[in-house]
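Architecture at a glance
Here is what each chain is made of, one letter per residue.
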Amino acid sequence: MSSAFSSLREHLQETRKKTMEQLCGVTLHGDLQERYVDWRLPVPLSNKRLERLQTIRKAGALFIHIPKNAGTTISHELYGSSMRHESIRYYQKHAPDVVNAMPSFALWRDPVERFLSSYDFIRNGGGSHVTLHPGFVAHYADLTTLDRMIEYVDGVSSIYQLDHVLRPQNW
């Protein structure tokens, strides 16, 4: 009986998660917090997010991880683990003490090189450390040429329709 209850609970949690993503117009569940920042909603952070902020405070520096810019390696060196791709807006909202009191940095990459790297990442279904999010696999299946990829990126109506690897570095 407990396995049936557990299965039902997992199903309900997954349904709630998908419903929130659809209502907020995001593909990545992690983008919900970014969307709440857009809407200026005071939504509390999960324990995992609070723990990541404590890790940043302990390290004494804020690294803004821009995908496809060697961020996973830097994150592991600085924090001992991979961190999420949160924007500076996220940190300004949820950890102004970190933004105001600590040094912060991000790595920028030549946009053309980064786009080509992102294209390879998508065509290969991911890289050595992370796979392409399942929510984007179907969206990107037909993007078999660079021209199609450029057209797709140019035509989206919301940044939340793009995986992190295709979002502009200044986001």
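For the structure itself, look to the data block above.
Described in the following lines is the structure provided in the data block. (Residues numbered from 1 in each chain as written. Predicted model: local features only at pLDDT ≥ 70, side-chain atom pairs only at ≥ 80, totals over all residues. Heavy atoms only, no water.)

Here's the deal with the packing of aromatic side chains
- Applying the stated rule across the entire model yields 5 aromatic pairs.
- Judged by centre distance (5.3 Å) and plane angle (15°), the rings of Phe136 and Tyr140 are stacked. Here the residue Phe136 and the residue Tyr140 both occupy positions in helix α8 (residues 134–140), the gap between them amounting to 4 residues, near one helical turn. Tyr140 carries the same exposure label as Phe136, and that label is buried.
- Among the aromatic side chains, those forming a connected cluster through ring pairs are Phe136, Tyr140 and Tyr152.
- For Arg167, the ring lying beneath its charged end belongs to Trp171, and the centroid distance is 4.8 Å. (Phe/Tyr/Trp six-rings, centres within 6.5 Å; stacked < 30°, edge-to-face > 60°. Helix = DSSP H or I, 4+ residues; strand = E, 2+ residues; numbered from the N terminus. Buried < 20%, exposed > 50% of the residue type's maximum accessible area, 1.4 Å probe, protein only. Lys NZ or Arg CZ within 6 Å of the ring centre and 35° of its normal.)

Notes on a nonpolar patch on the surface
- There is a patch of nonpolar side chains on the surface, built from Val112, Leu116, Leu146 and Ile150 and spanning about 330 Å² of accessible area.
- Contributions of two or more residues to the nonpolar patch are made by α7 (111–123) and α9 (146–155).
- Relative to the assigned elements, Ile150 resides in helix α9.
- Relative accessible area serves as the criterion here: at 45%, Ile150 is assigned to the partly exposed category. (Patch = residues over 30% accessible without salt bridge, like charges linked within 9 Å, V, L, I, M, F, W, Y side chains within 5 Å. Areas by Shrake-Rupley, 256 points an atom, 1.4 Å probe, with all protein chains shown as cover. Salt bridge = Lys/Arg side-chain N within 4 Å of Asp/Glu carboxyl O.)

Considering the nonpolar core
- Ranked by size, the top nonpolar core spans 13 residues in total, and within it Leu53, Ile56, Leu62, Tyr79, Tyr91 and Val98 carry the most contacts.
- Residue assignment for this core shows that the elements contributing at least two residues are α3 (47–59), β1 (62–63) and α5 (88–94).
- Other than its neighbours up to four places away in sequence, Leu62 contacts Ile56, Tyr79, Ile88, Tyr91, Val98, Val99, Pro103, Ser104 and Phe105.
- Membership of the second largest hydrophobic core comes to 12 residues, among which are Tyr119, Phe121, Leu132 and Phe136. (Core = buried A, V, L, I, M, F, W, Y, C linked by side-chain atoms within 4.5 Å. Contact = heavy atoms within 4.5 Å.)

Notes on the pattern of salt bridges
- Per the stated rule, a full pass over the model turns up 8 salt bridges.
- A salt bridge links Arg167 to Asp31, with the nearest nitrogen and oxygen atoms 2.4 Å apart. On the criterion of sequence distance, the pair formed by Arg167 in the segment after α9 and Asp31 in helix α2 (residues 31–38) is long-range, its members being 136 residues apart. For the pair shown, Arg167 and Asp31 are each scored as buried.
- As a salt-bridge pair, Asp97 and Arg57 come within 2.8 Å of each other at their nearest N and O atoms. Of the two residues, Asp97 is situated in helix α6 (residues 96–101) and Arg57 in helix α3; the sequence distance between them amounts to 40 residues.
- On the accessibility criterion, Asp97 (39% relative accessible area) is partly exposed.

Examining α3
- Between its terminal C-alpha atoms α3 stretches 18 Å, which fits the 18 Å expected from 13 residues at 1.5 Å a residue.
- Of all the residues in α3, the buried ones are Arg49, Leu53 and Ile56. The buried residues of α3 occupy an angular sector of 55° when the element is viewed end-on, so they sit on one face. In α3, the exposed residues that point more than 90 degrees away from the buried face are Asn47, Lys48, Glu51 and Lys58.
- On its buried face, α3 is in contact with α2, β1, α4 (71–79), α5 and α6. (Expected span 1.5 Å × (residues − 1). Arc of directions from axis to C-beta.)

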